[in-house]
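Residues per chain are reported as follows:
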Amino acid sequence: MNRFGIRFSFTTFGESHGKAIGCVVDGVPAGLTIDEAYIQRELDRRKPGQNAYATARKEEDTVEILSGVFEGKSTGTPIAMVIYNTNQKSKDYSNIKDIFRPGHADYTYWHKYGIRDYRGGGRSSARETAARVAAGAIAKLMLREVGITVKSGISEIAGIAASSFDFDHVLTSEIYALDPSVEQAQKDAILLAKNDHDSVGGVAQVRIENLPVGLGEPLYYKLDAVLADAMMGINAVKAVEIGDGLLGTRLHGSENNDPIRHSGFESNHSGGILGGISNGDAVRLSVYFKPTPSIFREQHTTTTEGEDVDFALKGRHDPCVAIRGSVVCEAMAALVVADMLLLNMGRTIEGVARYYHV
Ligand code: FMN
């Protein structure tokens, strides 16, 4: 399954060391201004090789639109985008040709398909997430037309947690930190792990603001369920919380409910979703990333021939994938909301009649 979404959907293709990766975005309404420079800027936020806190791999991630856009506007036909792979060093991976990297998808892909694309993990590599970011940029351009914004940032790294969230600070932070008061400690933790040939986990926050009431399709395409699916489908994500998430399970109903007034909700523990439908408040997600599996320490593993070996990996890897992963979360959230917006348009007969001017 390489396709996501119903009305506003996208399919990605390509492998990390193949010729290219890319996506086909379908269901984009005609007439949307497609700002190619904006799509590139979104990709640049995810691209590696920008500082000491990310992998040294230098992937240019230059996007090219192949179809679906004429004179800067969407035509209502599939928008295909391609990103050519330019910095693959397949020989970096030659020492793991027959070896499964602990924590990565090598073991399961090989047992499922019987084919081992050892060069960077092939399709299981998070290189594929660049294509999601390109698709997400199209979704964000559509959301912009109706005033909806999607933001992300890093709240926690190696257990060092933000106590407040400043989404503007993220824009100038090398690690997309939400809290400047813990940013240096978070950076130090990444470098400490990196110098120790190890890696660390982290938590990303996603905020979706200015959503109308009513997005989400009960019972089996609820907004929270689909957002969770979208986040859990990102490489290395191990948990997702909506609103206060787990914390709410330790509260009383009297503490956890969001009291209602005619003017709106008095709090937002729910994370802007009730019954699988947006309630008009900000949608809040916390997305939990595990530490990067590829580390440069000797570990126990086995080979495709079933031989036990101890080996230390070589190559270039992110010491903390949550940082670049947060941009992918943002893209996936935008793609979900774009889909929900289009699906919601047919919810009442009055709405359908109004559309057809009956
Ligand atoms: N894993 C690595 O081993 N090395 C990497 O350089 C790496 N970069 C990643 C970059 C991003 C943006 C993301 C989101 C993940 C990255 N990962 C990396 C994580 C692996 O792709 C992921 O752990 C692996 O596919 C196994 O899947 P799972 O952790 O979801 O079970």
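Within each chain, residues carry numbers counting from 1 in the order of the written sequence. In keeping with the model being predicted, local features are shown solely for residues with a pLDDT of at least 70 and side-chain atom pairs are shown and tallied solely at 80 or more, while totals for entire chains, interfaces and linings include all residues. To get the side-chain values, all heavy atoms of the structure are used, and hydrogens and water are removed first.

Student: Would you take a moment to explain the overall build of the protein for this structure?
Tutor: Each helix and strand in the protein was counted, giving 9 helices and 18 strands. For the radius of gyration, the atoms used are the C-alpha atoms, and the globule rule reads 2.2 Å times the number of residues raised to 0.38. At 21 Å, the protein has a C-alpha radius of gyration in line with the 21 Å of a compact globule built from 358 residues. With respect to the three principal axes, the spread of C-alpha positions in the protein is 70 × 50 × 40 Å. Sorting the 358 residues of the protein into buried and exposed places 51% on the buried side. For the protein, long-range pairs separated by at least 24 residues make up 70% of all intrachain contacts whose partners lie at least 6 apart in sequence. Per-residue and other accessible areas follow the Shrake-Rupley method at a 1.4 Å probe size, with only the shown protein chains counted as cover for residues. When the accessible surface of the protein is split by element, carbon and sulfur atoms take 53% of a total near 17,100 Å². Charge counting follows a simple rule: Lys and Arg are positive, Asp and Glu are negative, and His as well as the terminal groups are ignored. By convention, charge coordinates are those of NZ in Lys, CZ in Arg, CG in Asp, or CD in Glu. When the 38 basic and 45 acidic side-chain charges of the protein are each reduced to a single mean position, those positions are 4 Å apart. What counts as a helix is a DSSP run of H or I of at least four residues, what counts as a strand is a run of E of at least two, and both are numbered from the N terminus. Think of it in three bands: with a 1.4 Å probe and only protein chains considered, a residue is buried below 20% of the maximum accessible area for its type, exposed above 50%, and partly exposed in between. Only heavy atoms matter for contacts: two residues are in contact if any of them lie within 4.5 Å across the pair.

Student: I keep staring at a nonpolar patch on the surface and nothing clicks. Help me out?
Tutor: Together, Met345, Ile349, Val352, Tyr355, Tyr356 and Val358 make up an exposed nonpolar region whose accessible area comes to about 740 Å². Looking at where Val352 falls in the secondary structure, it is placed in helix α9 (residues 349-355). With relative accessibility at 31%, the residue Val352 sits in the partly exposed group. Nonpolar side chains (Val, Leu, Ile, Met, Phe, Trp, Tyr) are joined into patches within 5 Å and like charges within 9 Å, using only residues with over 30% relative accessible area and no salt bridge. Whenever a carboxyl oxygen of Asp or Glu lies within 4 Å of a side-chain nitrogen of Lys or Arg, that contact is scored as a salt bridge.

Student: What's the story with the state of the cysteines in this structure? I'm lost.
Tutor: Two cysteines whose sulfur atoms are joined by a covalent bond form what is called a disulfide. Count a disulfide wherever a pair of cysteine sulfur atoms falls within 2.5 Å. Summed over the entire model, instances satisfying the criterion amount to 0 disulfides. Cysteine Cys23 shares no disulfide, and the gap to the nearest cysteine sulfur, in Cys329, comes to 17 Å. Judged by its relative accessible area of 0%, Cys329 falls in the buried class.

Student: I tried to follow the sheet that holds strand β16 (residues 283-289) on my own but got confused; where do I start?
Tutor: Two strands in a sheet stick together by hydrogen bonds in their backbones, pointing the same way (parallel) or opposite ways (antiparallel). Pairing within the open sheet is antiparallel, and its 5 strands lie in the order β9-β8-β10-β16-β11. What marks the edges here is a single partner per strand, and that holds for β9 (160-161) and β11 (237-242). Here, strands pair whenever DSSP counts at least two bridges between them. Note that β11 and β16 share 5 bridges and pair antiparallel. Paired with Val237 across the bridge in β16 is Phe289. Each of β10 (202-209), β11 and β16 is contacted by helix α6 (residues 223-232), which is oriented at about 155 degrees to β11, the strand it contacts most. Orientation is described by lines fitted to C-alpha atoms, with helices fitted over the stretch in contact, and by angles between N-to-C directions that extend from 0 to 180 degrees.

Student: Explain the nonpolar core here, please?
Tutor: Where a protein is soluble and globular, its nonpolar side chains tend to be buried together. Counting 78 residues, the largest nonpolar core has Phe8, Ile39, Met81 and Ile208 as its most contacted members. Element by element, the count of residues in this core is highest for helix α8 (residues 321-344), at 16 residues. Other than its neighbours up to four places away in sequence, Phe8 contacts Val25, Asp26, Gly27, Val28, Ile138, Ala139, Met142, Leu335, Ala338, Asp339 and Leu342. Residues belong to one nonpolar core when they are buried, are Ala, Val, Leu, Ile, Met, Phe, Trp, Tyr or Cys, and are joined through side-chain atoms within 4.5 Å.

Student: Would you take a moment to explain the environment of Phe165 for this structure?
Tutor: Considering the arrangement of structural elements, one finds Phe165 in the loop between β9 and α4 (167-170). On the basis of relative accessible area, Phe165 is assigned to the partly exposed category, the value being 36%. Separated by 12 residues in the primary sequence, Phe165 and Gly153 have C-alpha atoms spaced 8.3 Å apart. Residues contacting Phe165, with those up to four places away along its chain left out, are Ser155, Leu178, Gln205 and Arg207.

Student: Would you mind showing me how to read the sheet that holds strand β2 (residues 9-14) here?
Tutor: Pairing is antiparallel across the open sheet formed by 5 strands, whose spatial order is β1-β2-β3-β7-β4. Since the sheet does not close on itself, it has two edges, and those belong to β1 (3-4) and β4 (63-65), each with one partner. The sheet contacts of helix α1 (residues 36-46) involve β4 and β7 (79-84), and relative to β4 the element is tilted by about 150 degrees.

Student: Can you help me understand the UniProt feature "binding site: FMN" (unreviewed entry) in the protein in this one?
Tutor: The feature "binding site: FMN" (unreviewed entry), as annotated in UniProt, sits at Arg123, Ser124, Ser125, Asn235, Ala236, Gly275, Lys290, Pro291, Thr292, Pro293, Ser294 and Arg316 in this numbering. Sequence-wise these annotated residues cover 194 residues; spatially they are dispersed, their C-alpha atoms as much as 44.0 Å apart. Beyond its immediate stretch of four places on either side in the chain, Lys290 contacts Gly103, Val200, Gly201, Ala236, Lys238 and Val321. The residue Pro291 is located in the loop between β16 and β17 (298-302) in this model. Residues contacting Pro291, with those up to four places away along its chain left out, are Ser199, Val200 and Gly201. UniProt positions are given in the numbering used here, feature names are shortened, and annotations may be inferred rather than shown by experiment.

Student: Which parts of the structure should I look at to understand the site of the ligand?
Tutor: The full set close to the ligand counts 19 residues, and Asn235, Ala236, Lys290, Ser294 and His317 are the nearest of them. The contact in question runs from an oxygen atom of the ligand to an N or O atom on the side chain of Ser294, over 2.5 Å. At a separation of 2.8 Å, a nitrogen atom of the ligand approaches a polar side-chain atom of His317. Coverage of the ligand by the protein amounts to 89% of the 630 Å² it exposes when considered alone. Top element by residues in the shell around the ligand is α8. It accounts for 3 residues. Note on residue classes: Ala, Val, Leu, Ile, Met, Phe, Trp, Tyr, Cys and Pro are nonpolar, Asp, Glu, Lys and Arg are charged, and everything else, Gly too, is polar. Considered class by class, the residues forming the shell around the ligand number 6 nonpolar, 8 polar and 5 charged. Residues are counted as near a molecule or strand when any one of their heavy atoms sits within 4 Å of it. For the purposes of these results, a polar contact is taken to be a pair of N or O atoms within 3.5 Å, where, inside protein, one atom must be able to donate a hydrogen and its partner to accept one; residues adjacent in sequence count only when each atom of the pair is a side-chain atom.

Student: Can you help me understand helix α5 (residues 180-195) in this one?
Tutor: Residues spaced three or four apart along an α-helix face the same direction, because each turn holds 3.6 residues. Taking 1.5 Å per residue, 16 residues should reach 22 Å; α5 reaches 23 Å between its end C-alpha atoms and fits that length. Within the sequence span of α5, burial applies to Val182, Glu183, Gln186, Lys187, Ala189, Ile190 and Ala193. Along the axis of α5, the buried positions cluster into a sector of 160 degrees, meaning they face one direction only. Residues of α5 that are exposed and point more than 90 degrees away from the buried face comprise Ser181, Leu192 and Asn195. Tucked inside the fold, the buried residues of α5 contact β8 (149-157), β9, α4 and α8. Immediately beyond the C-terminal end of α5, within one or two residues, lies His197, with a positive phi of roughly 60 degrees. Between the first and last residue of a helix there are one fewer steps than residues, each counted as 1.5 Å, and that sum is the expected span. Here the arc refers to the directions that run from the helix axis out to each C-beta atom.

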